[in-house]
Amino acid sequence: MVKYIFIFKYMEILCLLIYNYIKVMFVRIILHVDVNNAFLSWSAVDMLKRGSSIDIRNKYAVIGGDEEARKGVVLAKSNKCKALGVVTGESLYSARKKCPMLEVYKPNHDIYKYYSDIMYNYLLGFTNIIERYSIDECFLDYTGSVKLFGDPIEAAYKIKEDIKNKFGFTVNVGVGNNKLEAKMASDFSKPDKVHTLFDNEIKDKMWKLEIEDLFMIGKSTSKKLREMGINTIGDLALSDCNILYHKFKKFGNVMWNYANGIDNSEVVYEREDAKSISSSTTLSYNYNDRDLIYNVFKGLSMEVGKKLRDKRMFANVISIWIKYADFEKVSKQVKIDNAINTDEDIFKYSKVLFDKIWDIDRGIRGLCVGVSGVNHKRDRQLSLFSSDNVVEDRDNLQKTLDDIREKFGNNSIMYASMVKNDKK
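Quick caveat, the model's predicted, so the values are computed rather than measured.

**What about the packing of helix H2 (residues 38-49) against helix H5 (residues 109-123)?**
Line of reasoning, step 1. Relative to each other, H2 and H5 sit at 95 degrees, their axes nearing to 10 Å. Put simply, H2 runs roughly perpendicular to H5. Across the interface between the two elements, Phe39, Trp42, Ser43, Val45, Asp46 and Lys49 of H2 pack against His109, Ile111, Tyr112, Tyr114, Tyr115 and Ser116 of H5.
Line of reasoning, step 2. Split into classes, the residues belonging to the contact of H2 with H5 amount to seven nonpolar, three polar and two charged.

In structure tokens, the structure reads:
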């Protein structure tokens, strides 16, 4: 009997050791890198590189739109402006009332993309599994990099210091076991900080926070939650999930999971495929306006079309994906009979695909247009309703547009729909 008890205890210990080994080996490590005050910081760094003696990060400065047209809003503000109550998203007119000495600098998205790309290329030195959540935020799946680069917290500090010393701007780095935890951690306190939020730290570090501090909880939702007596993230985590579902439908489950640190979404990264061509973008805020989204798709379609024509190729599969603010990514594609490579054709199919999959109640943070089934030969099926002359006319028009853009720049000529949307 004693012998069997000893064997049972031995097996129990062995199983526990195996379980702990598997847990350590396969536990996910996610980093979230978030640029501090990105638009203002990147504008400041660029101005200093060009010889400016003023660092606008230390001034009463904001990045904003057209103040004279009375429709400009604050896109980013310095800490001095923040101390006077200036907030992102308010009108410049309102901001100037709070801060009469306000200095307004126009946004320059070419500069922002340049520094965003610099940061992204640097982060590729740690892992190629990187998701550009927005122009100034990246998620890194560091799980497979632990053996290569060591402790993730040490790696986070190295990333923070390297970006500051090499490129001149600061970031916060959050470290967690999933994307939700990493993002929450990077928001704890700023700037230029590293924070952790692992599974075993949820109760101590996150549950005490106000309900508005939970990712994806906006003003409208937080008001409803407070009316239900849910004031902290801990209150939400301990709530009845069925009641939340009855009140908020699917989003109720999402909120409850987030409050408990549950998030199984993957870090979605771009994979190279020699047989496909794509162009994607991350958005600086959540897009809900269909016309604005169409405008982005138009630009992406132009980029993909140009890549196809540069390679003298055609495609018969068009695909898109959209990435929602809560990390979910949805895609759809269509195979067409006649291979194409013009901007207008790619855009036409992209719009159709988008309209089929977009959940209009959810904001969009990223978009992509892609083509595959590429070939140097144009495969066409005969139709009673089209002719070679129509195809040739469209090709000639596209060539003319390409020639004008090559000579005078990509923005020298645009489609009427893009000009109309730009004026809104």
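Next comes the rest of the account.
**Regarding H5**
Line of reasoning, step 1. Compared with an ideal rise of 1.5 Å per residue, which puts 15 residues at 21 Å, H5 spans 21 Å between its outermost C-alpha atoms and is within 8% of the ideal.
Line of reasoning, step 2. Every buried residue of H5 is accounted for by Ile111, Tyr112, Tyr115, Ser116, Ile118, Met119, Tyr120, Tyr122 and Leu123.

**Quick look at unusual backbone geometry**
Line of reasoning, step 1. Cis geometry marks the peptide bond from lysine 190 to proline 191; its omega dihedral reads 0 degrees.
Line of reasoning, step 2. Mapped onto the secondary structure, proline 191 falls in the loop between helix H8 (179-186) and strand E8 (194-197).
Line of reasoning, step 3. If you check the backbone angles, asparagine 37 has positive phi at about 50 degrees while not being a glycine.
Line of reasoning, step 4. Here asparagine 37 lies in the loop between strand E1 (30-35) and H2.
Line of reasoning, step 5. Classification of asparagine 37 by relative accessible area gives partly exposed; the value is 29%.
Line of reasoning, step 6. Phi at aspartate 192 is positive, roughly 60 degrees, even though this residue is not glycine.
Line of reasoning, step 7. Mapped onto the elements, aspartate 192 comes out in the loop between H8 and E8.

**Some details on the pattern of salt bridges**
Line of reasoning, step 1. Scanning the model with the defined rule gives 26 salt bridges in all.
Line of reasoning, step 2. For glutamate 266, the salt bridge is made with arginine 28, and the minimal N-O distance between the two is 3.9 Å. Of this pair, glutamate 266 sits in the loop between helix H13 (250-259) and strand E9 (276-287) while arginine 28 sits in the loop between helix H1 (2-26) and E1, and the two are 238 residues apart along the sequence.
Line of reasoning, step 3. On the accessibility criterion, glutamate 266 (49% relative accessible area) is partly exposed.
Line of reasoning, step 4. The buried category is assigned to arginine 28, whose relative accessible area is 19%.
Line of reasoning, step 5. One network of salt bridges, in which partners are shared, links Lys160, Glu161, Lys164 and Asp192.

**Describing the environment of valine 27**
Line of reasoning, step 1. Relative to the helices and strands, valine 27 is located in the loop between H1 and E1.
Line of reasoning, step 2. Valine 27 sits in the partly exposed class, given a relative accessible area of 30%.
Line of reasoning, step 3. For valine 27 and asparagine 177, which are 150 residues apart along the polypeptide, the C-alpha to C-alpha distance reads 7.0 Å.
Line of reasoning, step 4. For valine 27, the contacting residues outside a window of four places in its chain are Thr143 and Asn177.

**Regarding the packing of aromatic side chains**
Line of reasoning, step 1. Scanning the model with the defined rule gives 14 aromatic pairs in all.
Line of reasoning, step 2. Plain terms: the ring middles of phenylalanine 215 and tyrosine 258 are 6.0 Å apart, the flat faces sit at 35 degrees to each other, and that makes the pair tilted. Of the two residues, phenylalanine 215 is situated in the loop between helix H9 (202-206) and helix H10 (219-227) and tyrosine 258 in helix H13; the sequence distance between them amounts to 43 residues. Tyrosine 258 shares its class with phenylalanine 215; the two are buried.
Line of reasoning, step 3. When the centroid spacing of 6.3 Å and the interplanar angle of 75 degrees are considered together, the rings of tyrosine 294 and phenylalanine 354 count as edge-to-face. Separated by 60 residues along the polypeptide, tyrosine 294 in helix H14 (residues 290-310) and phenylalanine 354 in helix H15 (residues 343-357) bring together distant segments of the chain. An identical accessibility class is assigned to tyrosine 294 and phenylalanine 354; each is buried.
Line of reasoning, step 4. Here a set of aromatic residues connected by ring pairs shows up, and it is made of Phe39, Trp42, Tyr112, Tyr114, Tyr115, Tyr122, Phe126, Phe149, Phe167 and Phe169.
Line of reasoning, step 5. Sitting over the face of the ring of tryptophan 321, lysine 329 holds its NZ or CZ atom 4.0 Å from the ring centroid.

**Brief notes about the nonpolar core**
A general feature of soluble globular proteins is that nonpolar side chains tend to end up buried together.
Line of reasoning, step 1. Ranked by size, the top nonpolar core spans 38 residues in total, and within it Val33, Trp42, Met119, Leu123, Leu140, Ile159 and Phe169 carry the most contacts.
Line of reasoning, step 2. Put simply, the parts of the chain that give this core at least two residues each are E1, H2, strand E2 (61-64), H5, strand E6 (137-141), helix H7 (152-167) and strand E7 (171-176).
Line of reasoning, step 3. The residues contacting leucine 140, other than those within four sequence positions of it, are Ile29, Ile30, Leu31, Val33, Leu123, Phe126, Thr127, Ile129, Ile130, Ile159 and Val267.

**So, the sheet that holds strand E4 (residues 103-105)**
Line of reasoning, step 1. Judged by pairing direction, the sheet is mixed, and its three strands sit side by side in the order E3-E2-E4 without closing on themselves. Pairing within the sheet leaves two strands with one partner each, and these edge strands are strand E3 (74-77) and E4. Ignoring strand direction, the axes of neighbouring strands in this sheet form an average angle of 35 degrees.
Line of reasoning, step 2. Taken together, the three bridges between E2 and E4 define a ladder with parallel strand orientation. Within E4, the residue paired with isoleucine 63 across the bridge is tyrosine 105.
Line of reasoning, step 3. Across the sheet, H2 lies against E2, E3 and E4, angled at about 105 degrees from E2, the strand it touches most.

Conventions we followed
Counting restarts for each chain, with residues numbered from 1 along the sequence as it is written. Under the rules for a predicted model, residues below a pLDDT of 70 receive no local features and side-chain atom pairs below 80 are neither given nor counted, while totals for whole chains, interfaces and linings still include all residues. Computation of side-chain values: all heavy atoms of the structure, hydrogens and water removed. Only the stretch in contact is used when a helix axis is fitted, and all axes are lines through C-alpha atoms; the angle between N-to-C directions ranges over 0 to 180 degrees. Only DSSP runs of H or I with at least four residues qualify as helices, and only runs of E with at least two residues qualify as strands; both kinds are numbered from the N terminus onward. Roughly parallel refers to an angle under 35 degrees, roughly antiparallel to one over 145, roughly perpendicular to one between 65 and 115, and oblique to any angle outside these ranges. Throughout, a contact is declared for two residues whenever any of their heavy atoms are within 4.5 Å. Charged residues are taken to be Asp, Glu, Lys and Arg, nonpolar residues to be Ala, Val, Leu, Ile, Met, Phe, Trp, Tyr, Cys and Pro, and polar residues to be all remaining types, Gly included. An expected span of 1.5 Å times one less than the residue number is assigned to each helix. For the exposure calls, accessible area comes from a 1.4 Å probe over protein chains only, and a residue counts as buried if that area is under 20% of its type's maximum, exposed if over 50%, partly exposed in between. We count a salt bridge whenever a side-chain nitrogen from Lys or Arg sits within 4 Å of a carboxyl oxygen from Asp or Glu. Working definition: a ring pair exists when centres of Phe, Tyr or Trp rings (six-membered ring for Trp) sit within 6.5 Å. Plane angles under 30 degrees give stacked, over 60 give edge-to-face, the rest tilted. A ring is scored as having a charge over it whenever the NZ atom of a lysine or the CZ atom of an arginine sits within 6 Å of its centre and within 35 degrees of its normal. For this analysis, a nonpolar core means a set of buried residues of the types Ala, Val, Leu, Ile, Met, Phe, Trp, Tyr and Cys, connected via side-chain atoms within 4.5 Å. Strands are labelled as partners when DSSP assigns at least two bridges between them.

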